[in-house]
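# Structure at a glance
Below, each chain spelled out in residue letters.
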Amino acid sequence: MGVTLQTLNRYIREDGLKTHTKDGTVYVPAKTMRDIWRGKQVQRLATNTRRPVGVEATPTGEVSG
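Computed from a predicted structure; not experimentally measured.

### Concerning the packing of helix 1 (residues 5-15) against helix 2 (residues 30-47)
Taken N-terminus to C-terminus, the directions of helix 1 and helix 2 make an angle of 90°; their axes are 11 Å apart at the nearest point. Taken together, the axes of helix 1 and helix 2 lie roughly perpendicular to each other. Residues Leu8, Tyr11 and Asp15 of helix 1 touch helix 2, and the partners they reach there are Met33, Ile36, Trp37 and Lys40. Considering only residue class, the contact of helix 1 with helix 2 consists of 5 nonpolar, no polar and 2 charged.

Right, here's the structure in full:
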């Protein structure tokens, strides 16, 4: 998933991702982590506007042959 430590901490802080600490190591439920990540990806893709890139042909009228 390529999630950075900053992103993980934001998921814990803002999205309520539950943690469990054992022997000084912090664990998070993988399924919950994936669900949050996927939801954010869907939201990101839905909000991006997709526009064609390139030059649009200018109408020149009738084509003479």
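### Notes on the side chain of Thr7
By the element assignment, Thr7 lies in helix 1. Within the structure, the side chain of Thr7 is placed 3.1 Å from the side chain of Thr4, a separation counted as a polar contact.

Reading guide: rules and limits
- Residues numbered from 1 in each chain as written.
- Predicted model: local features only at pLDDT ≥ 70, side-chain atom pairs only at ≥ 80, totals over all residues.
- Heavy atoms only, no water.
- Axes fitted to C-alpha atoms, helices over the stretch in contact; angles between N-to-C directions.
- Helix = DSSP H or I, 4+ residues; strand = E, 2+ residues; numbered from the N terminus.
- Parallel < 35°, antiparallel > 145°, perpendicular 65-115°, else oblique.
- Contact = heavy atoms within 4.5 Å.
- Nonpolar A, V, L, I, M, F, W, Y, C, P; charged D, E, K, R; others polar.
- Polar contact = N/O pair within 3.5 Å; in protein donor to acceptor, adjacent residues only side chain to side chain.

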